[in-house]
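Residues per chain, in single letters:
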Amino acid sequence: IYMSFFMTNFFNRLKNLDVHFKEVLLQSSSTIIIQILGISARLVTSIILGRILGASGLGEVNLINQIITIVMVLSMFGMDHVLVKKIAIGNSNNDSIIIGNSIYTALILNVFISVLITVIGVYGSSFIASFFNNSELEIPLIISFIVIVPQTISSVFISGINGFRKIWQSRFLKDFLTSLIVLIGIGFYFFLNIEISLISIIFLYALGRIVTFFITTIYWKKLYNPIYKKSFFDRTMLSMAVPLLFVSSTTLLSSSVDVLMLGWLSDSSKVGLYTVASRLVLFIAFFLQITNAAISPKLANFFDKNQLKEMNILVKQVTLWLFIIGFVSMLFFVCFGSAILELWGYEFSAAYICLIILSVGQFINISTGCSGVLLIMGGHEKIFSYISGAFLLLNIILNYLLITKYNEVGAAIATAGTIIGENIIRVVIAKQRTGVLTIPVGLFSKG
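Sequence order sets the numbering: in each chain, residues are counted from 1 along the sequence as written. In keeping with the model being predicted, local features are shown solely for residues with a pLDDT of at least 70 and side-chain atom pairs are shown and tallied solely at 80 or more, while totals for entire chains, interfaces and linings include all residues. Hydrogens and water are ignored here; the side-chain numbers use all heavy atoms of the structure.

Caption draft 1: Spatial organisation of the environment of D258. Among the secondary structure elements, D258 is positioned in helix α9 (residues 235-265). Here D258 is in contact with Y274, N399, I403, A411 and T415, once residues within four sequence places are set aside. Here the side chain of D258 touches T415 through a polar contact of 3.1 Å, side chain to side chain. Note on conventions: DSSP H or I runs of at least 4 residues are helices, E runs of at least 2 residues are strands, and numbering of each starts at the N terminus. Residue contacts follow a heavy-atom distance rule, with two residues in contact if any of their heavy atoms lie within 4.5 Å. Contacts described as polar in this section are N or O atom pairs within 3.5 Å, which, within protein, must combine one atom able to donate a hydrogen with one able to accept it, while residues neighboring in sequence count only if both atoms come from side chains.

Shown next, in the form of structure tokens:
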């Protein structure tokens, strides 16, 4: 009887969803489709490469892409979060000057940084390859570094597109388009009998990033013409970006240190096994990424207008659905994970234990909601950066200790453990600093 009453009350509450949650849900629905297509393209590409190149070759491809992902965080210098916040406020207030000048400031800073990184990366590729004891990484790394500048400009415009609340469009350009081009390119390789190798695959990724640059620029020009307004270099954006750079760097390094340290302490075959498992569990995390992208502009506006009650309701409703999605996804991997891994080849079934451990970590990650974004949009970037930095250090220590003993399983334990700890702390600190509890406690209480 009690369960029946609870379920009836639950579904009655769902019929009266908050208007802001409906808006986020509407924006997220299209984005979910795009994200699923993007993940599908990456998974199909990974399966093909796993079967052709094996665990070792796939590990090399993923290791290079992981390095470039880290480099892109340095190139953006935290400006992606700043742009979303500034442009969301400017768009809400119909202030085209803020929008144009924000893009101008970001382009000046980020293009300068990306040029420096390109020069250093091209000349330092041999050193990076030797660090991972794999000389075959050098040429693919050079190819990847050459397209850092257009990739950075794309990221600036994509952040602006997100600030305009064009959520699915921004995710399409950021996550899907390059993956689609790579998959299509592999199809052409088969058709033309071109050898699929590490260099030929990295060339496709570079081509995809260049095409993404052109399409992103054209779309941004349709949203905001001219592309930017040259007024002045906004130093306040730089002061906002510095702590966010630390946040972005520590967050990404926390999600990358396992792969990088496996490549350093183990071998590329272990990297290949582990990255397949870690990429699969991103299916759980991508729902959080989508809702964070959709909810960020609204949180910025809520803080700007001091609408804390509305924010509290929105955040709790979003987290409830994330919890349900995360739990179902985790159970799916527990039941069918081994069979899914064998799609890459029989040798990849050895990553099942890693898959289960990482899925538990991502379940906790998604179940704690948007606590990180809440701190950033509420102006508590430095506190978030301190949390990220502390857990990054813990992550590095745990990965070193556990990888040397348990290889890829050790990396999974270290990564999942730090994810769980960091997200619990973020929830507590976000509640203390903003007054908003991201987990859906009391959501269905009367009043």
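Caption draft 2: Spatial organisation of the packing of aromatic side chains. Here is the rule: rings of Phe, Tyr and Trp (six-membered ring for Trp) pair when centre to centre is within 6.5 Å. Planes less than 30 degrees apart are stacked, more than 60 are edge-to-face, and the remainder are tilted. Enumeration over the complete set of coordinates arrives at 13 aromatic pairs. Judged by centre distance (5.1 Å) and plane angle (90°), the ring pair of F131 and F132 falls under edge-to-face. A centroid spacing of 6.1 Å and a plane angle of 10° characterise the contact between F157 and W220, whose relative ring orientation is stacked. In this pair, F157 sits in helix α6 (residues 148-163) while W220 sits in helix α8 (residues 198-223), placing the two residues 63 residues apart along the sequence. Here F157 matches W220 in class, with each residue buried. Here a set of aromatic residues connected by ring pairs shows up, and it is made of F131, F132, W264 and Y400. Think of it in three bands: with a 1.4 Å probe and only protein chains considered, a residue is buried below 20% of the maximum accessible area for its type, exposed above 50%, and partly exposed in between.

Caption draft 3: A look at unusual backbone geometry. In this structure, P226 follows N225 across a cis peptide bond, with omega equal to 10°. Secondary-structure assignment places P226 in the loop between α8 and α9. For F77, which is not a glycine, the phi torsion comes out positive at approximately 55°. Within the element layout of this structure, F77 appears in the loop between α2 (19-76) and α3 (79-92). The residue R165 is not glycine, and still its phi comes out positive at about 65°. Inspection of the secondary structure puts R165 in the loop between α6 and α7 (167-191).

Such coordinate-based values are descriptive only and should not be taken to indicate function.
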